[in-house]
Amino acid sequence: FIMTKSLFGFVCLGIAIVFALYIKSKASRKYILISTGVVAIVLLGIFLTGNEEILLRSTVASRLIYWHDALKVIIRHPFGIGVHNWESIQYVVQTADYSVKYVHNGFIQLLLDGGILAFTGLILLIVYGYIGLIKKYAEKKNILYLCLTAILTFIVTHSFVDINFAYGIVWYMIGLILSFSRTEKVMKSKLVIPVIILVISMIAIIVPEKEYVNPYPIEYQQAYEKNDLEKMNEISAEWMKNAPRQQAAYDARYYILDKLKDREGLTALQFQKRE
């Protein structure tokens, strides 16, 4: 973590430590709340005075664009679009030029991939973890539960700005933390496992992966292999219309227009790229 030199990481680590301190010491709570309020007022002041560039560095601004575009998709597809389909669908909704596998927000990514069911499941797990850890620390005053709370807080806060949930080790850590936070009543009901399996099955049925896969590259390649210039022209025009910011779409369109010696089309394409 230290070797990545991530500013987001250090900020999230600070939040995790402060939250653990808030739980541990009642005397510190007043000062933590006051400090949090001051920070919030300063941040608000920065935005109100038009100095947001102090905070919105290129990486932050890019993430805000990803999130904005992804939320438009989530609203239209509340049950998700399937894993990895953001790679194809992003070019239809993006408001800037980019090509990313993940939107750099674990929770938004989960809403994209699995929809509200997967998102709700994770939130319930996290809330359950916090309740169990805080309750056990209050009962036993064992520093272990405080450390686990800090780790969970770090994972949760950092997931708002990065792709933590793309790594299996993070899910392993969450599972490990939850195992320490469990209570005796967990899993007593024989209906728990069947319900979980049913929900997962519903997600698999509701979200057909192929529905969102971009078909144009394959169709264009097939037409190219047959040297079917008319078909390539037709496919590239539609591809460019549906994914105007995708570099691959632009390259395919440029190639066929150049092949057909369509100078007017090339001029229009270059003008569109500048826009």
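Residues numbered from 1 in each chain as written. Predicted model: local features only at pLDDT ≥ 70, side-chain atom pairs only at ≥ 80, totals over all residues. Heavy atoms only, no water.

Turning next to unusual backbone geometry. A positive phi is found at H84, a non-glycine position, where the angle reads about 70°. Mapped onto the secondary structure, H84 falls in the loop between α3 (58–76) and α4 (86–93). The phi dihedral of K141 falls on the positive side, at around 55°, and the residue is not glycine. Among the residues examined, K141 registers a relative accessible area of 57% and is labelled exposed. (Helix = DSSP H or I, 4+ residues; strand = E, 2+ residues; numbered from the N terminus. Buried < 20%, exposed > 50% of the residue type's maximum accessible area, 1.4 Å probe, protein only.)

This brings us to the packing of aromatic side chains. This structure, assessed with the given rule, holds eight aromatic pairs. Considering the side-chain rings of F107 and F119, the 6.4 Å spacing of their centres and the 85° angle between planes classify their relative orientation as edge-to-face. The exposure class assigned to F107 is buried, which follows from its relative accessible area of 5%. Members of the aromatic cluster, connected to one another through ring pairs, are F107, F119, F160, F165 and W171. (Phe/Tyr/Trp six-rings, centres within 6.5 Å; stacked < 30°, edge-to-face > 60°.)

What follows covers helix α6 (residues 143–159). Compared with an ideal rise of 1.5 Å per residue, which puts 17 residues at 24 Å, α6 spans 24 Å between its outermost C-alpha atoms and is within 8% of the ideal. In terms of burial, α6 is a largely internal element, 13 of the 17 residues being buried. Capping of α6 at its N-terminal end is provided by N142; its side-chain oxygen lies 2.9 Å from the backbone amide nitrogen of L144. (Expected span 1.5 Å × (residues − 1). Polar contact = N/O pair within 3.5 Å; in protein donor to acceptor, adjacent residues only side chain to side chain.)

The subject of this paragraph is the environment of Y22. Within the element layout of this structure, Y22 appears in helix α1 (residues 7–24). For Y22 and I32, which are 10 residues apart along the polypeptide, the C-alpha to C-alpha distance reads 7.1 Å.

Side chains of E219, D228, E230, E234 and E238 sit close together on the surface and give a patch of like negative charge. Looking at the secondary structure, you find D228 in the loop between α9 (216–225) and α10 (229–242). You can call D228 partly exposed: its relative accessible area is 32%. (Patch = residues over 30% accessible without salt bridge, like charges linked within 9 Å, V, L, I, M, F, W, Y side chains within 5 Å. Areas by Shrake-Rupley, 256 points an atom, 1.4 Å probe, with all protein chains shown as cover. Salt bridge = Lys/Arg side-chain N within 4 Å of Asp/Glu carboxyl O. Lys, Arg positive; Asp, Glu negative; His and termini not counted. Charge placed at Lys NZ, Arg CZ, Asp CG, Glu CD.)

Along the chain, D69 falls in helix α3. Residue D69 is classed as buried on the basis of its relative accessible area of 0%. In this structure D69 touches W86, V93, Q94, T95 and Y98, once residues within four positions along its chain are discounted. (Contact = heavy atoms within 4.5 Å.)

The subject of this paragraph is the packing of helix α5 (residues 106–140) against helix α7 (residues 168–181). The description of two packed helices rests on the angle between their axes and on the distance between the axes. Where α5 contacts α7, the axes come no closer than 8 Å and their chain directions differ by 45°. Taken together, the axes of α5 and α7 are oblique relative to one another. Relative to α7, the crossing made by α5 is left-handed. Between α5 and α7, the residues in contact are L122, L125, Y128, G129, G132, L133 and K136 and W171, I177, L178, F180 and S181, respectively. (Axes fitted to C-alpha atoms, helices over the stretch in contact; angles between N-to-C directions. Parallel < 35°, antiparallel > 145°, perpendicular 65-115°, else oblique. Left-handed = near helix turned anticlockwise from the far one by under 90°.)

Looking now at the confidence of the model for the protein. Residues shown with low pLDDT carry predicted positions that ought not to be read at fine detail. Confidence in the prediction of the protein, expressed as mean pLDDT, is 81, and 83% of residues score 70 or more. Considering only residues more than four positions removed or in separate chains, one finds that residues 208–212, a stretch of pLDDT under 50, has eight contacts. (pLDDT = per-residue confidence, 0-100.)

We now examine α5. A rise of 1.5 Å per residue sets the reference length of α5, with its 35 residues, at 51 Å; its end C-alpha atoms lie only 33 Å apart and thus fall more than 12% short of the reference. In the structure, α5 departs most strongly from a straight axis at G114, where the bend amounts to approximately 130°. A positive backbone phi angle near 55° is found at K141, which sits one or two residues after α5. (Bend = angle between axes of the 7 residues up to and from the residue.)

Let us look at the pattern of salt bridges. What the rule picks out here adds up to three salt bridges. Of the charged contacts in the structure, one is a salt bridge between K72 and D69, with a shortest N-O distance of 3.7 Å. You can see K72 and its partner D69 sitting in helix α3, three residues apart, about one turn around the helix. Salt-bridge contacts for D258 lead to R263; the nearest nitrogen and oxygen are separated by 3.7 Å. For R263, a relative accessible area of 48% puts it in the partly exposed group.

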